[in-house]
Amino acid sequence: MSERNSSPVLMAERDLRAIVDHVLRLAKSTDAEETEVQVDEVDEALTRFANNTIHQNVAEHGLTVSVRTVIDGRTARATTNRVDADSLRGAITASLSLAQSQPKNPRLLPMPSKQRYRPVNRFAKPTAALTPDDRARAVKRACDLAVKRGQTAAGIFASGQQQMALGNSRGLFAAYRETHAEFSITMQEPPAASWAKANFGDVSQVNPQELAERASDKAHRATNAVELAPGKYTVILEPAAVLDLVGFLFYDFSATAIADKRSCFNDRIGKQVFGKNISLMEDVYHPLQLGAPFDGEGMPRQRVALVDRGVPKNLVYSRAAAKALKKKPTGHGFPLPNEYGEAPMNLVFSGGNASLKEMIASTDRGLLVTRLWYIREVDPYEKVMTGMTRDGVFLVEKGRVTSAVRNFRFNQSILEMLRNVELLGPAGRASGEEAFEMVVPAVKVRDFHFSEVTKF
Amino acid sequence: MWDISSEALETAKLRGATYADVRVMHMRQRDLTTKNGEVGTLSQSESIGLGIRVLARGGWGFASTDRLTREGVSACAAQAVSIAKASALAKRGEVVMADEKPYIDSWQSAFSKDPFEIPLETQLALLLAADAEMRRVKGVTLTETDLQFRKIDSWFASSIGSRIHQRKVISGCGIAATSYRNDEIQKRSYPNSFGGQHALQGYELVESLDLMQHAPRVAQDAVALHTAAQCPQKTGTLILGGSQLGLQIHESVGHPIELDRVLGQEANFAGTSFLTLDQLNKLRYGSDIVNVVADARVEHGPGLGTFAYDDEGVPAQCTDIIKDGQFRGYLSNRETAHRIGLKRSSGTMRTENWNRLPIIRMTNISLKPGTWDFDNLVADTDDAILMETNRSWSIDDRRYQFQFSTEIAWEIKGGKKARMLKNPSYSGITTEFWNSCDAICNRDAWTLWGTPNCGKGQPMQTMGTGHGASPARFRNIGIGAAFSKQ
């Protein structure tokens, strides 16, 4: 095995396929009627800094083999990270034992046969080759900036590569690999702080120093915050704030969630739920997205128009949900067995043309919000979410930013919010802390409900 | 396992590490769920590997591997040292750790029934029967049940000579019924939401919770909530059930006392803390009757924060956090303890698995029982709202301002439990809240609740924590803001 600065590199796809084939061969000598094998390999590293120094610096290599067997209309899964023949046999046996312990499932479908996938290339060699020294040097430059400006920096610089292969006894085989790089930084200038973050498949698209400068400038502007009364405000939400809030809609677009009557879209499909300026695609093939072009059963992911001009039009379907509801699977199923069915994982909002400057200039009185924090669901049907603003809230008066503001707690329905969008910026790949990365715009929203104020 | 641990330690030393500790961990997990009378998840997994943390040239490095050969662990140790040397490129001070003795020991958590030895058919039959009981109630639209078991072996070795083996068996279970009607979703759970109760116990935990007895009530409550009155918005007296108070402790005491947060090490993600160092032994955290401890010792109970040694080789301890209302202590590790002048770590370094770096985590952060019998507390209360079972939780990144909502509430009127209320919530500022506590129920109503899903760190780690609590009363609390439209 070759080495990258003492770190392992990923196995070749043919080696993953050899593991899949090995398990399928071993399973042939058991009672398993069908077998599915998923092999995952990760090689991740993360450099973490705080108080202008690196305080944690980690690397991880792991390989797991997950086996699902079917016997007499029953299925179950067993997973191991040992790849010797005895351990793989043990996983098959454990899977069969689990499967046989349950009642027969009359709705269990045969495993899918061979599928065709649209190729995606999301593996950037420079990202895979990033070393601890590379990350440390970038971190040091960001920390030096903080020291120079009398601030304190904390954050991460992470990079990694991962791959998976999925095969089954009916001839299906799918493989995918990707790289990713992430830089996130908080600059503290007591009592204020601000934050910036980027996450891309290719490290060349991540500019740590630009992010450090942005967080530093904003932290300085966030000092001397004034307290405003809670209430309804026009807000300009930067993309990370939009992402972390609307990220809570992922599971509501699941056909299984609708069938279970736990989705906010129950009895709302086909109705004008959002404003006409809101359209939303599920699109793993979008150039700003990462992720495999197949789902947990190996079905090809489809592009799905979830919301068209404010009307929820389509859902995503696993094979089982599609069969039950007489639809076609969209390739968004989770690995079986599971109770949640499926979810879209690559949301793409159609944006608009308004720049952040234009949003501010058009606002008589409102708040500019950097990001939101600790968001939790208060009302699952009206999709009321609570959470806090964090790392920079600014008062906008007569078209310009006039002061920093103390942080608020919000209690806001996402459905209502997306009816109240007045302006949208261009959609880009955004990164937050509560939801998967997605392609979203900054938005200007009227009547956003802040219920309380905190002490800073 | 000691051979490969020694190999890793030896390699680290040869490569220039001045300190190293190694964890070999083997985790086995089984998950069973049902939904609407059918089996949902049915899976088990095992994972074994080694993680090594080293100090070299004054910088920290950590690497992990699942290749448990001599060559594999040597390469992993060498990688950890090279990462530590990279860390030193951005070094601004020396790392010094509080003294600790070496220990050679072996410990196993107590259990009477190994959950991995109980037939799967028995486990699934229980879940399916409880699921069926809930579905008998008209108006229930979704039923869910779950069982989760884990068996974790860890072998800790350090360059100061410790060799510690620990085995933990953890069980968890819960049921939930959901009802969708008239554009409203209502849910009830037992014995707690988000997966139920979890403890350092065997299958006896599942048997003790008697899911079958509680299934009909849970389902009836979920349906009845549709016709219950909306929880009002007001300032008033609040009585919290034990499980909700457990989460309140977790968020508004457990997290802010983590010394890594206090010292800014979590500033970019989990946040910091209002409990700055100048507050220690000075801040009036709560009223005189509020006493909170961080207790990882076996004698505290079978909590998710119970162990014999932490993942830095420090013995389990009991630390006063709030004593008679005064703020008295932090959760620390060897490095942060030395940083603030403590002689010894409080023993709270914990890791999710072999591939994660140990970080400061809650152990069992528990509110000591008070003196009130629960019925007497209700009888003593003229006008209040009693809230039970968490539905949502949120708190700011310095742990001042919080808001919780619960699944259900009842009015207390004239010393009696009155009508049911839906969509209850309450909010406030941490120290104001704890200073408003005027009654805590006694040991008879005290439960060591398990929170299995505490997230912290980058990369994210999930950890189980324990929170002993009994129902308690709080005055002048903001109620109902979550559903306010003002």
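Asks: Give a detailed account of the overall build of chain B, specifying residues and quantitative values.
Replies: The helix and strand inventory of chain B stands at 10 helices and 24 strands. The C-alpha atoms of chain B give a radius of gyration of 24 Å, which matches the 23 Å a tight globule of 486 residues would have. Dimensions of chain B, computed from C-alpha atoms along their principal axes, come out at roughly 70 × 55 × 40 Å. Among the 486 residues that make up chain B, the fraction classed as buried is 62%.

Asks: Describe the packing of helix α3 (residues 120-135) of chain B against helix α5 (residues 211-224) of chain B, and please don't skip the residues or the numbers.
Replies: Helices that pack against each other are described as a pair by the angle of their axes relative to one another and the distance between those axes. Residue and element names in this part refer to chain B. Axis separation between α3 and α5 bottoms out at 8 Å; the angle between their running directions is 30°. For the element pair α3 / α5, the angle class is roughly parallel. Classified by chirality, the crossing of α5 by α3 is right-handed. Along the contact surface, α3 presents L126, A129, A130, E133 and M134, while α5 presents L211, M212, A215, P216, V218 and A219. In the contact of α3 with α5, the residues fall into 10 nonpolar, no polar and 1 charged.

Asks: Would you mind going over helix α2 (residues 70-87) of chain B in detail, with residue names and values included?
Replies: Taking 1.5 Å per residue as the helical rise, α2 of chain B with its 18 residues ought to reach 26 Å, and the 26 Å between its terminal C-alpha atoms agrees with that figure. For α2 of chain B, the buried fraction is high: 16 of the 18 residues fall into the buried class.

Asks: So what about unusual backbone geometry? Which residues, and what values?
Replies: A cis amide bond, omega -10°, links L336 of chain A with the succeeding residue P337 of chain A. Looking at where P337 of chain A falls in the secondary structure, it is placed in the loop between α8 (319-325) and β13 (347-349). Following Y190 of chain B, the chain continues to P191 of chain B via a peptide bond in cis, the omega torsion being -10°. In this fold, P191 of chain B is placed in the loop between β7 (184-190) and β8 (197-199).

Asks: Quick rundown of the domain arrangement of chain A? Include the residues and the values.
Replies: All names here are of chain A. Each assigned domain of chain A is listed here: domain 1 (3-205) and domain 2 (224-456). Centre-to-centre, using C-alpha coordinates, domain 1 lies 26 Å away from domain 2. The interface of domain 1 with domain 2 comprises 33 residues on the first partner and 27 residues on the second. At the level of secondary structure, the elements contributing two or more residues to the side of domain 1 that touches domain 2 comprise β5 (74-80), β6 (152-168), β7 (173-189) and β8 (192-200). Examining the composition of the side of domain 1 that touches domain 2, we find that 8 residues originate from one element, β8, more than from any other.

Asks: Pulling in residues and values, what's your account of the sheet that holds strand β12 (residues 318-323) of chain B?
Replies: Residue and element names in this part refer to chain B. Taken in spatial order, the 4 strands of this open sheet run β13-β12-β11-β16, and their pairing is antiparallel. The sheet is open, and its two borders are formed by β13 (326-327) and β16 (365-367), each paired with just one other strand. In terms of strand pairing, β12 meets β13 through 2 bridges, oriented antiparallel. Looking across to β13, one finds that I322 is bridged to F327. The sheet contacts of helix α6 (residues 242-254) involve β11 (292-295), β12 and β16, and relative to β16 the element is tilted by about 120°.

Asks: I'd love a proper account of the confidence of the model for chain A, names of residues and values included.
Replies: Averaged over every residue, the pLDDT of chain A is 96; residues scoring 70 or more account for 98%. For residues 1-6 of chain A, every residue scores under 50 in pLDDT, and the model assigns this stretch 11 contacts once sequence neighbours within four places are set aside.

Cut-off values and rules
- Residue positions are given per chain, counting from 1 as you read along its sequence in written order.
- Lettering of chains starts at A and numbering of ligands starts at 1, both following the order in which they are written.
- In view of the model being predicted, local features appear only for residues whose pLDDT reaches at least 70, and side-chain atom pairs are presented and counted only at 80 or more, with totals across whole chains, interfaces and linings using the full set of residues.
- Only DSSP runs of H or I covering at least 4 residues are called helices, and only runs of E covering at least 2 are called strands; the numbering of each starts at the N terminus.
- As defined in this context, the radius of gyration uses C-alpha atoms, and a globule is described by 2.2 Å times the residue total to the power 0.38.
- Exposure classification rests on a simple neighbour count of other C-beta atoms within 10 Å of a residue's own: a residue reaching 20 or more is buried, one at 12 or fewer is exposed, and one in between is partly exposed. C-beta atoms are placed from the backbone.
- Axes here refer to lines fitted to C-alpha atoms; in helices the fit is confined to the stretch in contact. Angles between the N-to-C directions go from 0 to 180 degrees.
- To sort the angles, those under 35 degrees are grouped as roughly parallel, those over 145 as roughly antiparallel, those from 65 to 115 as roughly perpendicular, and the leftovers as oblique.
- Take the far helix as your reference; a near helix turned counterclockwise from it by less than a right angle gives a left-handed crossing, and one turned clockwise gives a right-handed crossing.
- Any residue pair is listed as a contact if its two C-beta atoms, each placed from the backbone, are within 7 Å.
- All amino acids are sorted into three groups, where Ala, Val, Leu, Ile, Met, Phe, Trp, Tyr, Cys and Pro are nonpolar, Asp, Glu, Lys and Arg are charged, and the leftover types, Gly among them, are polar.
- By this rule the span expected of a helix is its residue count minus one, scaled by 1.5 Å.
- For each domain, the first and last residues come from an automatic or database assignment.
- Paired strands, in this sense, are two strands between which DSSP finds at least two bridges.
- pLDDT: the predictor's confidence for each residue, scored from 0 to 100.

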